Amino acid sequence: MSKLDLTGQINGLTFNQLFLNASGVHCQSTEELDDLLNDPYMGGIVTKSATLAKRDGNPAPRYYELQNGSINSMGLPNYGFDYYIKYVLSDHAKPTILSVAGLSAADDVKLLHQIQDSDYDGLTELNLSCPNVIGKPQMAYDVDGTRALLDEIFAFYKKPLGVKLPPYFDLVHFDQIAAVLNKYPLTHVNTINSVGNGLWVDVASESVVIKPKGGFGGLGGKMVLPTALANVRALRQRLNASIKIIGTGGVQTGADVFAHILCGAELVSVGTQLQSEGLGVYKRLTTELERIMTDKGYQSLSDFRGNLKTI
Ligand code: HRO
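Residues numbered from 1 in each chain as written. Predicted model: local features only at pLDDT ≥ 70, side-chain atom pairs only at ≥ 80, totals over all residues. Heavy atoms only, no water.

**A look at the side chain of Ser 269**
Within the secondary structure layout, Ser 269 lies in strand β16 (residues 267-270). Separated by 2.5 Å, the side chains of Ser 269 and Thr 248 make a polar contact. In this structure Ser 269 touches Leu 20, Asn 21, Ala 22, Ile 246, Gly 247, Thr 248, Gly 249 and Val 251, once residues within four positions along its chain are discounted. (Helix = DSSP H or I, 4+ residues; strand = E, 2+ residues; numbered from the N terminus. Polar contact = N/O pair within 3.5 Å; in protein donor to acceptor, adjacent residues only side chain to side chain. Contact = heavy atoms within 4.5 Å.)

This is the structure in structure tokens:
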């Protein structure tokens, strides 16, 4: 194992390795979550976003691997809130992040009331950015709605809470969302969720490649790396230092991980590449990252985190 310091911290909680899974990949069942926890190259785990009740999600095919990434419209398949809170309430050797996603703002409030009233004191992440629930917009694109929701939540919620954000594409939108998020005692933001409502066309069959929503779905993997890096960087430049950033999106190599850290990520999560490569991905990424750090003479992520140079 590593002689380098690959640790990160959220809300005073130490992650001994920087890697997490991206919520949604290999984290729906307790067996899958155990696989992740047992991987020595993972720092912690994130659950599939839990809704109040169990959901089957959208009809298949709903995930499709592309040459340079993926498109999905899973539609929040999950075993329901009770299943995941039971899992994170049992003892684990690594930090857990309980991801929750209401189907409405009222559901979000109900989910957080249940966590507030439970014995769970670990990290929770409110998913404000699922692009795939038919007829439901991504909350975090509504800045005023996000402010109203967080006002309502933090009136009663006293436990560690972060949010999962969609990608933003306009510098003004980074300013607006950061100004809202900075008003609350958030532990972290996780950026980015998939790039919502892309479309892939299979020319041979003259068809879309996933069934839900006529083929529209969230994009992930290599093609979203520049968008992910921009979001990590732009939010790191705007958010309070106490709000840590989990960098998610487009990681295929150790160099991609290095770039996320350079933009300011505290931890890095991997989704599409975990789906295509399997659990060995974290060992490979760690080896590749350590080689880069060693070549550059860095001992610790903190030697370069956030130090992106401009020209
Ligand atoms: O389940 C999904 O369709 C899904 C969710 Cl919740 C999410 O947050 N992001 C995504 O790409 N898919």
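**Notes on the packing of aromatic side chains**
Tallying each qualifying case throughout the model produces 10 aromatic pairs. Ring centres of Tyr 79 and Tyr 83 lie 4.7 Å apart, and the angle between their planes is 40°; this geometry places the pair in the tilted category. Its relative accessible area of 27% is what places Tyr 83 among the partly exposed residues. Taking 5.0 Å as the distance between ring centres and 75° as the angle between the ring planes, the aromatic pair formed by Tyr 83 and Tyr 84 counts as edge-to-face. (Phe/Tyr/Trp six-rings, centres within 6.5 Å; stacked < 30°, edge-to-face > 60°. Buried < 20%, exposed > 50% of the residue type's maximum accessible area, 1.4 Å probe, protein only.)

**Some details on the pattern of salt bridges**
Summed over the entire model, instances satisfying the criterion amount to eight salt bridges. Note that Lys 54 and Asp 56 form a salt bridge whose closest N and O atoms lie 3.5 Å from each other. Of the two residues, Lys 54 and Asp 56, neither departs from the other in class, the shared state being exposed. As a salt-bridge pair, Arg 284 and Glu 288 come within 2.9 Å of each other at their nearest N and O atoms. (Salt bridge = Lys/Arg side-chain N within 4 Å of Asp/Glu carboxyl O.)

**A closer look at helix α9 (residues 281-296)**
Under the 1.5 Å per step criterion, the end-to-end length of α9 is 23 Å for 16 residues, consistent within 8% with the ideal 22 Å. Those residues of α9 that fall on the buried side of the exposure criterion are Val 281, Tyr 282, Leu 285, Thr 286, Leu 289, Glu 290 and Met 293. Seen from one end, α9 has its buried residues packed into an arc of 155°, which puts them on one side. Exposed positions of α9 whose direction lies more than 90 degrees from the buried face are Arg 291, Thr 294 and Asp 295. Where α9 is buried, its residues meet β3 (19-21), α7 (254-263), β16 and α8 (272-277). (Expected span 1.5 Å × (residues − 1). Arc of directions from axis to C-beta.)

Keep in mind that these numbers describe shape and distance, not what the molecule does.
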